[in-house]
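# Summary of the model geometry
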Amino acid sequence: MPIERQTVKAHCGRCNAERNCYIRADGTNVEFLGGLRRDFNYRLMSCAGCDYIFCMCVITHPKEYGSFDDETGEFHSAGQEFIYFPGIVRQPRPEWLTRLTFFVGEDDNHDRLRSVLEQIYIALDNELHVLAAIGIRAAFEILVNIFGVDEQLTFPQKIDWLKSHKITVEEHVSPEPQLSPQERPVIHIKERGILGEQESEAFKTLVEVGNAAAHRGWEPGAEVLATLMKLLESTIYREMLEPFDQSWHYHDVDEYKSLIPRRALSRKRDTKARKSKTPPPEK
Ligand SMILES: [Zn+2]
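Residues numbered from 1 in each chain as written. Predicted model: local features only at pLDDT ≥ 70, side-chain atom pairs only at ≥ 80, totals over all residues.

## Things to note about the overall build of the protein chain
Counting its secondary structure elements, the protein chain contains seven helices and nine strands. Among the 283 residues that make up the protein chain, the fraction classed as buried is 13%. (Helix = DSSP H or I, 4+ residues; strand = E, 2+ residues; numbered from the N terminus. Buried ≥ 20, exposed ≤ 12 C-beta atoms within 10 Å, placed from the backbone.)

Okay, here's the thing in structure tokens:
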């Protein structure tokens with residue numbers, strides 16, 4: 001059977017999982033590196049489940065490429081390697097990423113933060129863990145500058161400052177629907193540090209991971225980096241985007257209020273009301 005009609009397992013970018021996929025077309029480039037042959041088989045694919053079209057490159061390494069297992073003394077050939085276009089998304093982007101500069105701020109630091117975040121996502125998608133760890137530390141450093149911390153302080157001092165520096169937080173705990181979000185009285189104001197106690201300790205670990213990757217050649221695992229990203233993303237969202245979003249949510253709820261059907265009169269009350277009406281005068 002020609003390869004074009006075969007069904008193979010491949011990673012579907014839309015399902016974000018391995019699926020049965022059809023090979024629609026293919027072609028092979030033969031490359032020689034150091035006198036050894038490698039085949040690059042390019043395939044145009046479609047997912048049998050969702051019809052998503054993508055490209056897949058299957059690289060067949062020469063038999064000579066591989067490694068010896070020290071324990072068994074066996075030789076394992078390098079086998080095949082799979083590359084996808086569009087690439088596999090291992091780290092989903094938060095929906096607010098594009099709003100980081102458009103909505104919140106347009107100074108250099110906001111632009112730099114978004115740019116570094118986008119580079120971290122690319123590094124994580126491609127399993128470049130050392131680069132991602134250094135990037136996560138760099139993103140936190142930019143965030144610290146946005147909060148207005150003295151740049152002369154050491155990193156632990158900066159984190160302690162973020163913990164002790166109090167900010168006031170407005171909470172519309174009892175929104176009045178007839179007023180716009182801007183007109184509503186602020187019912188509750190509370191003071192808190194920019195970072196909480198446990199959060200500060202977590203950020204110190206985040207900085208240490210970045211330092212170990214940059215200076216000691218340590219490669220953290222994907223789970224470690226995913227956890228650090230949750231910490232970084234949740235703090236960025238809470239401090240920079242959530243106040244805007246809350247205000248819009250109130251506004252949206254107000255808009256929908258007019259669509260709610262009114263409660264019908266009960267039948268008993270309705271009949272009573274009809275009986276009490278004066279009959280029309282007879283001619
Ligand atoms: Zn699919």
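## Describing the nonpolar core
Grouped burial of nonpolar side chains is what soluble globular proteins tend to show. In terms of nonpolar packing, the biggest core is built from 27 residues, with Ile136, Ala139 and Phe140 touching the most fellow members. Contributing elements (two or more residues each) for this core: α2 (108–125), α3 (129–146), α4 (155–164), α5 (197–215) and α6 (222–257). In contact with Ala139, other than residues within four places in its own chain, are Leu113, Val116, Leu117, Ile120 and Leu232. Judged by nonpolar contacts, the second largest core, of five residues, contains Cys12, Cys21, Met45 and Cys47. (Core = buried A, V, L, I, M, F, W, Y, C linked by C-beta atoms within 7 Å. Contact = placed C-beta atoms within 7 Å.)

## Points about the pairing of strand β4 (residues 53–60)
In this structure, strand β3 (residues 36–47) lies alongside β4, joined through eight bridges in antiparallel fashion. Residue pairing across strands places Tyr42 opposite Cys57, the latter belonging to β4. Pairing geometry for β4 and strand β7 (residues 80–85), over six bridges, is antiparallel. By the bridge assignment for β7, Met56 is matched with Tyr84. (Pairing = 2+ DSSP bridges.)

## Comments concerning the pairing of β3
Pairing of strand β2 (residues 17–33) with β3, which is carried by twelve bridges, proceeds in the antiparallel orientation. Opposite Phe32, over in β3, you have Arg37 as the bridge partner. Connecting the antiparallel pair β2 and β3 is a turn made up of two residues, with Gly34 showing a positive phi of about 60°. The hairpin formed by β3 and β4 contains five residues between the paired strands, and Asp51 there has a positive phi angle of roughly 70°.

## Brief notes about α3
End to end, α3 covers 26 Å across 18 residues, agreeing with the expected 26 Å (1.5 Å per residue, within 8%). Taken as a whole, α3 has its buried residues at Ala132, Ala133, Gly135, Ile136, Arg137, Ala139, Phe140, Leu143 and Val144. Downstream of α3 by one or two residues, Gly148 has phi in the positive range, about 85°. (Expected span 1.5 Å × (residues − 1).)

## Side note on the environment of Lys190
Inspection of the secondary structure assignment puts Lys190 in strand β9 (residues 188–193). Along the backbone, Lys190 and Ile167 are 23 residues apart, and their C-alpha atoms lie at a distance of 8.2 Å.

## Re the sheet that holds β3
Pairing within the open sheet is antiparallel, and its five strands lie in the order β1-β2-β3-β4-β7. Strands with a single pairing partner mark the edges of an open sheet, and in this sheet they are β1 (7–12) and β7. Each strand axis lies, on average, 40° off the axis of its neighbour in the sheet, ignoring direction. (Axes fitted to C-alpha atoms, helices over the stretch in contact; angles between N-to-C directions.)

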